[in-house]
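Descriptive structure summary
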Amino acid sequence: MLREKFDLTGRTAFITGSARGIGRAIAAGFAEYGARVVVHGVKASLPLEESLKAVRLLSPSSFAVTGDLSDPLQVDGLFSQMAAQGVESPDILVANASQQRNCAWERFDADEARREMEINFHATLRLFQLAYPHMKAKGWGRLITVGSVQERRPHPEMVAYSASKGAQENMVRNIARQVARDGITVNNLCPGVFATDRNSAALSNPVYAEKVRDAIPVREYARAEDAAGAALLLASDAGRYITGTTLVVDGGLSLPG
Ligand SMILES: NC(=O)c1ccc[n+]([C@@H]2O[C@H](COP(=O)([O-])OP(=O)(O)OC[C@H]3O[C@@H](n4cnc5c(N)ncnc54)[C@H](OP(=O)(O)O)[C@@H]3O)[C@@H](O)[C@H]2O)c1
């Protein structure tokens, strides 16, 4: 039955940056489909508590971990925190957290560029490396990045962010080929404009908001939960034959013309 192929019962899914926004919606979707979910935020916070509460209603063995992905020691510490809760390593890993800052490329601060690369690219690579041995031993695994339409249409004031997302997408295609024989798929979910916390200030300007909406063929922003179905496809057995690809969820924003 096709419906059963979406079932995540018996799987553990770790979603970075799932205290809020797209990550939270993916976490809730996976919990609804039976996964034990590990939610994550930079540090303990009310949004992280709320996210955990929501997934626990659906999947009671779920728990939270915290750590700043700009610090490699804290990245490794996430796996120690999971081990302390009895999870050696997740079956499904969604690298969703990221940072971005706007500035003209000529003045873009070098330390900020390095920081965005660290969080958006290096931490993802490290998390994939940490998760891989367990997935390989099990003969099943899902490695998923959350990219951005900026891989294809870089925003002129986000030179580091868009480059980091491009690097992540390239890494997905690289690793996907190498781990396919281990029963592991590696994919990139690519959002367009989602109405989440990171956009709320910019989109509260009605002139800017209308300009952005005008560029989206479906004429509306995405809601966080619009990413959850695509993530479930990539994370479940329903998507077992999909690897090395980018699944764009953007209402047509990146279409040419
Ligand atoms: N929203 C969009 O329009 C859009 C468009 C294209 C791509 N995306 C991508 O989609 C993903 C989710 O975006 P979103 O809009 O849902 O984000 P969001 O609402 O800003 O939430 C970001 C999440 O990432 C976590 N995070 C941020 N910096 C971190 C760090 N240094 N270490 C650990 N965790 C960190 C945050 O943790 P705390 O809650 O603890 O702060 C938060 O849970 C991102 O990769 C983003 O690039 C979003």
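To be clear, the structure that these remarks concern was listed above.
So, here is what we can say about the structure in this document. (Residues numbered from 1 in each chain as written. Predicted model: local features only at pLDDT ≥ 70, side-chain atom pairs only at ≥ 80, totals over all residues. Heavy atoms only, no water.)

1. A few points about the overall build of the chain
Helix and strand content of the chain: nine helices and seven strands. Its C-alpha atoms give the chain a radius of gyration of 17 Å, near enough to 18 Å, the size a compact globule of 257 residues would have. The contacts in the chain between residues at least 6 apart in sequence include a share of 72% that link residues at least 24 apart. Accessible surface computed for the chain: about 12,800 Å², of which carbon and sulfur atoms make up 52%. (Helix = DSSP H or I, 4+ residues; strand = E, 2+ residues; numbered from the N terminus. Rg over C-alpha atoms; globule rule 2.2 N^0.38 Å. Contact = heavy atoms within 4.5 Å. Areas by Shrake-Rupley, 256 points an atom, 1.4 Å probe, with all protein chains shown as cover.)

2. Some points on the packing of aromatic side chains
Overall, the coordinates contain zero aromatic pairs when judged by the stated rule. The ring of Trp 140 has Arg 142 lying over it, and the distance from NZ or CZ to the ring centre is 4.2 Å. (Phe/Tyr/Trp six-rings, centres within 6.5 Å; stacked < 30°, edge-to-face > 60°. Lys NZ or Arg CZ within 6 Å of the ring centre and 35° of its normal.)

3. Some thoughts on the packing of helix H4 (residues 72-84) against helix H5 (residues 110-138)
What describes two packed helices is the angle between their axes and the distance between those same axes. Their axes nearest at 10 Å, the elements H4 and H5 cross at an angle of 35 degrees. Judged by the twist between their axes, the crossing of H4 over H5 is right-handed. For the pair formed by H4 and H5, the contact residues are Pro 72, Val 75, Asp 76, Leu 78 and Phe 79 on the first element and Glu 118, Ala 123, Arg 126, Leu 127, Leu 130 and Ala 131 on the second. Per-class residue counts for the contact of H4 with H5 are eight nonpolar, no polar and three charged. (Axes fitted to C-alpha atoms, helices over the stretch in contact; angles between N-to-C directions. Left-handed = near helix turned anticlockwise from the far one by under 90°. Nonpolar A, V, L, I, M, F, W, Y, C, P; charged D, E, K, R; others polar.)

4. Side note on unusual backbone geometry
Of note in this structure, Arg 219 is not a glycine but carries a positive phi near 65 degrees. Tracing the backbone through its elements, the reader meets Arg 219 in the loop between helix H8 (206-215) and helix H9 (228-235).

5. Here's the deal with the pairing of strand E5 (residues 141-146)
Counting buried residues in E5 gives six out of six residues, a clear majority hidden from the surface. On E5, burial covers both faces: Gly 141, Leu 143 and Thr 145 on one face and Arg 142, Ile 144 and Val 146 on the other are all buried. As judged from the four bridges shared by strand E4 (residues 92-95) and E5, these two strands associate in the parallel manner. In the strand pairing of E5, Val 94 is matched with Ile 144. Handedness of the crossover joining E4 and E5 through H5: right-handed. Relative to strand E6 (residues 184-191), E5 runs parallel, the two being bridged by six bridges. Its bridge partner lying in E6, Arg 142 is registered against Thr 185. Following the chain from E5 across helix H6 (residues 159-179) to the adjacent parallel E6, one finds a crossover that is right-handed. (Buried < 20%, exposed > 50% of the residue type's maximum accessible area, 1.4 Å probe, protein only. Pairing = 2+ DSSP bridges. Right-handed = clockwise from strand over helix to strand, strands pointing away.)

6. Some words on the sheet that holds E6
One open sheet accounts for seven strands, arranged E3-E2-E1-E4-E5-E6-E7; its pairing is parallel. Lying at the two open borders of the sheet, with one neighbouring strand each, are strand E3 (63-66) and strand E7 (246-249). Going from strand to strand, the sheet's axes swing by 20 degrees on average, the running direction of each strand aside. Relative to E3, strand E2 (residues 36-41) runs parallel, the two being bridged by four bridges. Of the residues in E3, the one forming a bridge with Val 39 is Ala 64. Against the sheet, helix H2 (residues 21-32) contacts strand E1 (12-15), E2, E4 and E6, and its axis sits at roughly 170 degrees relative to E1.

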